[in-house]
Amino acid sequence: MSKIIKLITIIIWLIFFLILLLAIQDYRTLQLHKQELVTPIITYVKGTILDEEQKEFIQNINPFGVLLDGNNIASERQLKQLIKELKSLFPERKLYIAIDQEGGQVDRLKKIYDQDKLLKAAIYYGKLAEINLEQAKDEIYQDAKYTAKILAELGFDINFAPMVDLAFFRQNLNLNSSNNGFAATQERSYSAKVEIVVALASVFIQAMEEQGIISVAKHMPGLGRAFVDTHDNAAIIDAKYSDLLAQDFLAFKQIARQIKIGMVGHGTYKMLDDQPASFSQIIIADIIRKEIGFEGLLISDALNMEAVANYKLEERVIKSLESGIDIVIPNYISRKVSVRAIKAIKQDTLYQFNQKLEKLGY
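Undergrad: Please explain the overall build of the protein chain as it appears in this structure.
TA: A count of helical and extended segments in the protein chain gives 12 helices and 11 strands. Split into buried and exposed, the 362 residues of the protein chain put 53% on the buried side. For the protein chain, contacts bridging at least 24 residues in sequence account for 77% of all contacts bridging at least 6. For the protein chain, the exposed area adds up to about 17,600 Å²; of that, 52% sits on carbon and sulfur atoms.

Encoded structure:
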């Protein structure tokens, strides 16, 4: 009996030491010396209150910005306070606070504001534009201006909108299909017509900028031909290059000089590269930079999506940055994994990114 007790005691001690070793390993993993250079990452916050642990983490990683969503919003007063505290972490520079406020189903402010007065779903303006383009432009301008005014008053700097993807499949869309993610994506697009998308997106961006909000045009170089939602699956776009040039790429090309930030999607353009756009030097250099002519900052779509899930997070971060994307969004990944990803960023990449920020006036 005594032997069994001794054996159990030894096992318990071994388990204890194993747990202790794992805890030390986790602690070392999470140890991150304060990064003096701005890190090319947009991070996130858990909950509606910024605790000391989160403050220290954000100060240490020194990110370009923070993306807030519905989980961070409880009231107008609370949201203003959260943003104020975030910005106070970096008194010597601007920390950019971002939000996804497209309108319609992607409405992070609906908890605290009357949705009727905010931006409506993109499909609403697109359908109106088919009947009366000028009226559609006027309505989206007024709605975007009102929404941007609220965003500015709250303390936001960036809005991840508008979507410039073309809604190629809306006519045949079955909203009751099993592919609801795809259906939702089509609802977030203005139209299948380049001229309507460009007109509405251009007015949207203008209204946002008049209130001091930077728009992010997405998803470069165009996800309108994808049959799936990149949140859930790999999106293979099998289209002729000539068709992409004449429609998908053209929509972004026509507003390229108006936008300061573009978001690169995770679509894979089979005729050009076997890698998703967010990992593709061909797409970034030859299509987005050269063909579309975009010279501003490029942000990756969220790197926790299934479309890019074949790699570890730190590999996704490095592949995106090496492809030519300026800023990545790891998004809602455990802090331990996030730290590994940040530590994987090369020092040369940090220097180049900070030089670009200075050149572009950030």
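Having seen it, we continue.
Undergrad: Which parts of the structure should I look at to understand helix H7 (residues 194–210)?
TA: Residue pairs spaced three or four apart in an α-helix point in one direction, given the helix's 3.6 residues per turn. In this model H7 runs 24 Å from its N-terminal to its C-terminal C-alpha over 17 residues, within 8% of the 24 Å that 1.5 Å per residue would give. Across the 17 residues of H7, 12 count as buried, placing the element largely inside the fold. Each element contacted by the buried residues of H7 is listed here: strand E4 (101–103), helix H4 (122–131), helix H5 (133–154), strand E6 (158–159), strand E7 (214–220) and helix H8 (241–253).

Undergrad: In this structure, what is going on with the pairing of E7? I would like to understand it.
TA: The side chains of a regular strand alternate between the sheet's two faces. Within E7, 7 of the 7 residues are buried, which leaves the element mostly enclosed by the surrounding structure. Here 2 bridges tie E6 to E7, and the two strands are oriented parallel to one another. The partner of Ile158 across the bridge, within E7, is Ile214. One ladder, built from 4 bridges, connects E7 with strand E9 (residues 261–264); its direction is parallel. Considered in E9, the bridge of Ala217 is made with Gly262.

Undergrad: Could you clarify how one ought to interpret the sheet that holds E7 in this entry?
TA: The 7 strands are arranged E1-E2-E3-E6-E7-E9-E11 in an open sheet whose pairing can be described as parallel. The open sheet has two edge strands, strand E1 (39–44) and strand E11 (297–300), and neither has a second partner. The sheet contact formed by strand E3 (residues 96–99) and E6 spans 2 bridges and is parallel. Paired with Ala98 across the strands is Ile158, a residue of E6.

Undergrad: When you look at unusual backbone geometry in this model, what are you seeing that I'm missing?
TA: Trans is the prevailing form of peptide bonds, just as negative phi is the prevailing case for residues other than glycine. For the bond from Lys218 to His219, the omega torsion is 5°, close enough to zero to count as cis. Positionally, His219 belongs in strand E7. Going from Met220 to Pro221, the amide bond is cis rather than trans, its omega being -5°. With respect to the helices, strands and loops of the structure, Pro221 is situated in the loop between E7 and strand E8 (235–237). Phi at Asn62 takes a positive value of approximately 50°, unusual for a residue other than glycine. Summarising the element assignment, Asn62 is placed in the loop between helix H2 (52–61) and strand E2 (63–68).

Undergrad: Just checking my understanding: could you explain helix H10 (residues 313–323) for this structure?
TA: Most of H10 is tucked away, with 8 of its 11 residues classed as buried. Three or more residues of H10 are buried, namely Leu313, Glu314, Arg316, Val317, Ile318, Ser320, Leu321 and Ser323. Against E1, helix H9 (281–291), E11, helix H11 (335–343) and helix H12 (347–360) lie the buried residues of H10. Note on H10: the residue one or two positions beyond its end, Gly324, has a positive phi of about 120°.

Reading guide: rules and limits
- Residues numbered from 1 in each chain as written.
- Predicted model: local features only at pLDDT ≥ 70, side-chain atom pairs only at ≥ 80, totals over all residues.
- Heavy atoms only, no water.
- Helix = DSSP H or I, 4+ residues; strand = E, 2+ residues; numbered from the N terminus.
- Buried < 20%, exposed > 50% of the residue type's maximum accessible area, 1.4 Å probe, protein only.
- Contact = heavy atoms within 4.5 Å.
- Areas by Shrake-Rupley, 256 points an atom, 1.4 Å probe, with all protein chains shown as cover.
- Expected span 1.5 Å × (residues − 1).
- Pairing = 2+ DSSP bridges.

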